[in-house]
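Each chain, letter by letter, is given below.
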Amino acid sequence: VGCDPLSNKKASFKLEDSVAKTKKILSANNEAGISCECLMEDEDFASDIKRDTFLEMCKPMMAKVQTVLDAAKAASGIAVDQIDFVEVVGGSSRVPWVKEMISAAFGGKPISTTMN
């Protein structure tokens, strides 16, 4: 159709909201639908995405997360085998690939997400 929702603030916010919901669904499911009614110029948007496709899109972010994990371990001055458990808080605590990376960075220890 030729619409660019990123050039329109209202459409951009609608799309961002739909994408955030889809991201949460992909944390628990292997596939998710995304839809946004009347996104721009009375046009609806709908699509599906698989978790594998989403993970491929996240690869640049994964490298940044790995850099942060490596820096955190180095800054702590504590050997990984001396760490009893890892507590993760915040929105990323629901993201499967983030949890997997954190666990791997700390020697395969299970991570905890119970802290309020």
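Residues numbered from 1 in each chain as written. Predicted model: local features only at pLDDT ≥ 70, side-chain atom pairs only at ≥ 80, totals over all residues. Heavy atoms only, no water.

Any chance you could explain the overall build of the chain here in plain terms?
On a plain count of helices and strands, the chain comes out with 3 helices and 4 strands. The proportion of buried residues among the 116 residues of the chain is 28%. Within the chain, counting contacts between residues at least 6 apart in sequence, those at least 24 apart form 50% of the total. Carbon and sulfur atoms provide 55% of the accessible area of the chain, an area that totals close to 8,200 Å². Separation of charge centres in the chain, based on 14 positive and 17 negative side chains, amounts to 5 Å. (Helix = DSSP H or I, 4+ residues; strand = E, 2+ residues; numbered from the N terminus. Buried < 20%, exposed > 50% of the residue type's maximum accessible area, 1.4 Å probe, protein only. Contact = heavy atoms within 4.5 Å. Areas by Shrake-Rupley, 256 points an atom, 1.4 Å probe, with all protein chains shown as cover. Lys, Arg positive; Asp, Glu negative; His and termini not counted. Charge placed at Lys NZ, Arg CZ, Asp CG, Glu CD.)

Explain the layout of surface pockets here, please?
Picture a little ball the size of a water molecule; that probe, rolled over the atoms, points out where space is still empty. The volume enclosed by the largest pocket comes to roughly 230 Å³. Elements represented by at least two residues in the lining of the largest pocket include exactly α1 (9-28), β2 (43-50) and α2 (51-76). Tallied by class, the residues present in the lining of the largest pocket amount to 8 nonpolar, 2 polar and 2 charged. Within this model, the second largest pocket holds a volume of roughly 180 Å³. In this structure, the second largest pocket is lined by Lys-23, Leu-26, Ser-27, Arg-51, Phe-54, Leu-55, Cys-58, Met-61, Val-95, Pro-96, Trp-97 and Glu-100. Looking at the lining of the second largest pocket, the elements that each hand over two or more residues are α1, α2 and α3 (96-105). Top element by residues in the lining of the second largest pocket is α2. It accounts for 5 residues. (1 Å grid on protein atoms, 1.4 Å probe; cavity = no way out; pocket = protein on both sides within 12 Å on 5 of 7 lines; lining within 4 Å. Points joined across faces, edges and corners; volume = space filled by probe spheres on them. Nonpolar A, V, L, I, M, F, W, Y, C, P; charged D, E, K, R; others polar.)

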